[in-house]
Amino acid sequence: MVSKDLLSECRSLRVWPAMLLLGVVVAMMFAMQADLPPQQLRQIVGGLLWLTIFFAGTLALDRSFAAEREDGCWEGLLSYPVSPTCVYLAKLTVNVVALAALECVLIPLFAILTDLPLLAHPGPIIIVAILGNLGIAAVGTLLSAVASTGKQSSYLLPLLVLPMVIPLVLGAAEATRLAVEHDFGPSWWRWVELLGAFAIIFVTASIALFEFAVEE
Amino acid sequence: MSQTAEKHFFNDYLWHAVAAGMVTTAIAAIFLLAPMEETMGIAQRIVYLHVSVAWMGLAAFVLMAITSGMYLFRRDLAWDHWSRAALEIGWLCCSLTLATGSLWAHAAWNTWWTWDPRLTTAFVLWAMYSAALVLRSGVEDPHRRARMGAIVAIVGMLDVPLVIMATRWFRGIHPKSPHMEPTMRVVLLISVVCFTLFFTMLLLLRRSQLHIADMLEDLQAQAEA
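Residues numbered from 1 in each chain as written. Chains lettered and ligands numbered in written order. Predicted model: local features only at pLDDT ≥ 70, side-chain atom pairs only at ≥ 80, totals over all residues.

Novice: How do you make sense of the overall build of chain B when you look at a structure like this?
Specialist: Scanning chain B from terminus to terminus reveals six helices and zero strands. The N-to-C order of helical and strand elements in chain B reads α-α-α-α-α-α. Considered along the principal axes of its C-alpha atoms, chain B spans approximately 70 × 45 × 25 Å. When the 225 residues of chain B are sorted by exposure, 36% land in the buried category. (Helix = DSSP H or I, 4+ residues; strand = E, 2+ residues; numbered from the N terminus. Buried ≥ 20, exposed ≤ 12 C-beta atoms within 10 Å, placed from the backbone.)

This is how it looks when you write it as structure tokens:
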């Protein structure tokens, strides 16, 4: 199912180009507005980066189930001889890959636009990115299934997901800021632990609740 | 008027009288019993309402999550009526919390808004309530609406401790346990009890209303069939 979704996206290029383009445009707008001295820019770069990732990533999250419904594949997906958990984990994986692709573009772009050492220590940034992706995708995939059942799915998803991921965006932004300041002490680990806890709680809860979300 | 209708009329009248009495008692205690605070003056009296609605906003969220879980477990729409009533009352209380908090903050801190942990948590709670209301308004089938609403309520409930933890790690300026005179504490207690009873009554009335609306829809469907 993962390869089906990735192959379908590679062939049709329906979502990823739009997602990357939106990410680049939002990053440019933020960088243009936040033309500040480096010391002040360090304080806000994490928040700007993660908000950009969230808003652009919502496009990919939204298409997880909306595309299946529009193309009449929903019944086929439900009649697949696998459990709803497998369907959820497959969609979650695709969304994590989409967000990772987005970050491969946005993190270097933010480093260039702000002239801050975002990539000076790639290890910690990668850890934050993996946990952040997992958290956003965990909540986003479940709520995408929920939102796709209503009449207002396109604008409902960000409305549902953003309040839920506020602790995650806050944690990822702070961990990124500390990484830029080369501060990997207890406060950095505290935020990473929060991201880890968020990912574990919501992957587990979403697996338990997904069955109810796709029930016809 | 039949005996049943008379009984309902009396019950409704009694409920409304009790609700009005509760609100009047709370307002009287706030304005007549509570002493004037030295530094903030009359603006301090907002606290009595603010604490009451903030507590109800959180309690309604917990009730919504529990009854949502019960709906998913039992598949009985009666549980969803509880959940929906809690959602609507919770949204009202959360909106009042933000409004009264903002008024108080302007008087105390000279700013309408600050990213204090508790304010941020209240805002996130309000955003979750609002999103759940919008979601419910877009789904017509009652069981599907109940299922989707229940998922959002449970996910939101799991999120609240993380929101509190994350926002607390930022520096907060919200008073944790402000010093209060004994009379002020008594007034706060009266206010919390009265407003809790008032909003509980609203919640019960709304739940009955939803239940009756559902029964009416069933009857209409039966009559059309």
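Novice: Help me out: how do you make sense of the overall build of chain A in this one?
Specialist: Assigned secondary structure in chain A consists of nine helices and zero strands. Along the chain direction, N to C, the helices and strands of chain A fall in the order α-α-α-α-α-α-α-α-α. Taking 216 residues into account, the globule formula puts the C-alpha radius of gyration at 17 Å, and chain A, at 17 Å, falls close to it. If one aligns the C-alpha atoms of chain A with their principal axes, the spans along those axes are about 55 × 35 × 30 Å. A total of 216 residues make up chain A; the buried ones form 45% of that total. (Rg over C-alpha atoms; globule rule 2.2 N^0.38 Å.)

Novice: Please clarify how the interface of chain B and chain A should be interpreted in this entry.
Specialist: The parts lose accessible area when they come together, and the size of an interface is often stated as this lost area. Taken together, the contact between chain B and chain A spans 24 residues of the former and 25 residues of the latter. Within the residue set of the side of chain B that touches chain A, elements represented by two or more residues are α4 (117-137) and α5 (142-168) of chain B. Here the side of chain B that touches chain A is built from residues that sort into 19 nonpolar, two polar and three charged. (Contact = placed C-beta atoms within 7 Å. Nonpolar A, V, L, I, M, F, W, Y, C, P; charged D, E, K, R; others polar.)

Novice: Even after reading the chapter, I still don't get the nonpolar core, so can you show me in this structure?
Specialist: With 122 residues, the main nonpolar core has A:V139, A:L160, A:L195 and B:V152 as its most contacted residues. The greatest single-element share of this core, amounting to 14 residues, is contributed by helix α6 (residues 122-147) of chain A. In contact with A:V139, other than residues within four places in its own chain, are A:V161, A:M164, A:V165, A:F202 and B:V155. (Core = buried A, V, L, I, M, F, W, Y, C linked by C-beta atoms within 7 Å.)

Novice: What is the right way to read unusual backbone geometry from this model?
Specialist: When glycine is set aside, most residues are seen to have a negative phi, and most peptide bonds are trans. Positive phi is not limited to glycine here, since A:H182 has a value of about 55°. Note that A:H182 resides in the loop between α8 (166-180) and α9 (186-214). Although it is not a glycine, B:N110 sits at a positive phi angle of roughly 60°. Mapped onto the elements of the fold, B:N110 is located in the loop between α3 (77-109) and α4. The exposed category is assigned to B:N110, around which 7 C-beta atoms lie within 10 Å.

Novice: Mind showing me how you'd approach the environment of B:V53 here?
Specialist: All names here are of chain B. Note that V53 resides in helix α2 (residues 46-74). When the 25 C-beta atoms within 10 Å are taken as the criterion, V53 is described as buried. With sequence-adjacent residues up to four places away left out, V53 is seen in contact with C93, L96, T97, T100 and F195.

Novice: What exactly am I supposed to notice about the environment of B:L72 here?
Specialist: Its location among the elements puts B:L72 in helix α2. Overall, B:L72 belongs to the partly exposed group, with 19 C-beta atoms counted inside 10 Å. Each C-alpha atom, one on B:L72 and one on B:M148, is 9.9 Å from the other, the two residues being 76 residues apart in sequence. Setting aside its immediate chain neighbours within four residues, B:L72 contacts A:F212 and B:A150.

Novice: When you look at the confidence of the model for chain A in this model, what are you seeing that I'm missing?
Specialist: For any part of a model where pLDDT is low, the fine detail of the predicted coordinates should not be relied upon. Mean pLDDT over chain A stands at 88; residues scoring 70 or higher make up 98%. Within chain A, α6(A) carries the highest mean pLDDT (93), whereas helix α4 (residues 74-78) of chain A carries the lowest (77). (pLDDT = per-residue confidence, 0-100.)

Novice: How should the confidence of the model for chain B be read in this particular structure?
Specialist: With 91% of its residues at a pLDDT of 70 or more, chain B has an overall mean of 86. Across the interface, the model reports ipTM at 0.86; the global pTM reads 0.86.

Novice: Whenever I open this one, α2(B) confuses me. Can you help?
Specialist: Since the α-helix advances by 3.6 residues per turn, residues separated by three or four positions end up pointing in the same direction. Between its terminal C-alpha atoms α2(B) stretches 41 Å, which fits the 42 Å expected from 29 residues at 1.5 Å a residue. Immediately beyond the C-terminal end of α2(B), within one or two residues, lies B:R75, with a positive phi of roughly 60°. (Expected span 1.5 Å × (residues − 1).)

Novice: How should I be thinking about the packing of helix α5 (residues 84-114) of chain A against α9(A) in this particular structure?
Specialist: Any two packed helices are characterised by the angle at which their axes cross and by the distance between the axes. Residues and elements named next belong to chain A. One way to put it is that α5 packs onto α9 with a least axis distance of 9 Å and a crossing angle of 105°. In terms of orientation, α5 lies roughly perpendicular with respect to α9. Of the residues in α9, those touching α5 at P84, T85 and Y88 are S206, I207, F210, E211 and V214. Taken together, the residues that form the contact of α5 with α9 break down as five nonpolar, two polar and one charged. (Axes fitted to C-alpha atoms, helices over the stretch in contact; angles between N-to-C directions. Parallel < 35°, antiparallel > 145°, perpendicular 65-115°, else oblique.)

Novice: What am I meant to see in the packing of α6(A) against α8(A) here?
Specialist: Residues and elements named next belong to chain A. Across the interface, α6 lies against α8 with an axial gap of 10 Å and an inter-helix angle of 175°. By the angle between their directions, the pair α6 and α8 is classed as roughly antiparallel. Seen from α6, the contacting residues are P124, I125, V128, G132, G135 and I136; seen from α8, they are L168, A172, A175, T176 and A179. Taken together, the residues of the contact of α6 with α8 sort by class into eight nonpolar, three polar and no charged.

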